[in-house]
Amino acid sequence: MGAPKVKAIRGYSDFGFSYVYVIFEDGTDIYWARTRVLEYLSKILPQLPTGVKTELGPDATSLGWVFQYSLVDRTGKHSSDELRSYQDWFMRYAVQSVPGVAEVATVGGQVRQYQVTVRPDALAAYKLPLDVVVEAVRKGNNDVGGRLVELSGREYMVRAAAT
């Protein structure tokens, strides 16, 4: 917060990701501002939990927001969480691969969620403690990073599940 020319700081967290937006005063040189953010980030790195990775976003501003699109299902066959999942896992990477596109910001839709309903009588019948179910769900949702691989002019997103 003590950085010069900082107008506001905003944070956003999602499953497995957190974003911090530092908004500088109008007219601030973007490369000077990025250098200040890196300096302050280097000061807090030792305080972050083990395994946390930091990354400075693209040098884009909200003034560069020049294109909007929306995914619309006129057939009514797809829910808003299905459209959001398609956006998050396919469209975003396709649009971001276009030369000159610095960032794709997703707005709207519902992020898909899964809920597990535990039946205590079934656990008792199988003599399973609740922590076994919790651990199974945790392992089933444990995924690790990946990267884009380009083959024959097409990009493929590769992810690996941790075991």
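Please read these numbers as outputs of a predicted model, since none were measured by experiment. (Residues numbered from 1 in each chain as written. Predicted model: local features only at pLDDT ≥ 70, side-chain atom pairs only at ≥ 80, totals over all residues. Heavy atoms only, no water.)

A. Here's a closer look at the pattern of salt bridges. Using the criterion set out here, one finds four salt bridges in the structure. A salt bridge links R36 to E39; the shortest N-O distance between them is 2.8 Å. With R36 and E39 both in helix α1 (residues 30-44), this residue pair falls three residues apart, about one helical turn. Here R36 falls in the buried class, since its relative accessible area comes to 14%. On the basis of relative accessible area, E39 is assigned to the partly exposed category, the value being 35%. Of the charged contacts, one joins D121 and R119 as a salt bridge, the two residues approaching to 3.8 Å between their closest N and O atoms. (Salt bridge = Lys/Arg side-chain N within 4 Å of Asp/Glu carboxyl O. Helix = DSSP H or I, 4+ residues; strand = E, 2+ residues; numbered from the N terminus. Buried < 20%, exposed > 50% of the residue type's maximum accessible area, 1.4 Å probe, protein only.)

B. Region of interest: unusual backbone geometry. Positioned with a positive phi, K5 is a non-glycine residue whose angle comes to about 70°. Tracing the backbone through its elements, the reader meets K5 in the segment before β1 (6-14). For K5, a relative accessible area of 41% puts it in the partly exposed group. Although it is not a glycine, K127 sits at a positive phi angle of roughly 55°. When you line up the elements, K127 lands in the loop between α3 (120-125) and α4 (130-140). Given a relative accessible area of 73%, K127 falls into the exposed group.

C. Up close: the packing of aromatic side chains. All told, the structure shown has four aromatic pairs when counted by the stated rule. We note K5 situated over the ring of W32; from NZ or CZ to the ring centre the distance is 5.0 Å. Looking at K43, its charged tip hangs above the ring of Y40, at a distance of 4.6 Å from the centre. (Phe/Tyr/Trp six-rings, centres within 6.5 Å; stacked < 30°, edge-to-face > 60°. Lys NZ or Arg CZ within 6 Å of the ring centre and 35° of its normal.)

D. Molecular detail of helix α2 (residues 80-96). Q87 marks the point of greatest bend in α2, at about 45°. Of the residues making up α2, those classed as buried are D81, R84, S85, Q87 and D88. (Bend = angle between axes of the 7 residues up to and from the residue.)

E. Structural context of the confidence of the model for the protein chain. Counting all residues, the mean pLDDT for the protein chain is 82, and 84% of those residues have values of 70 or more. Within the protein chain, the lowest mean pLDDT, 65, falls on strand β3 (residues 143-151), and the highest, 94, falls on α3. (pLDDT = per-residue confidence, 0-100.)

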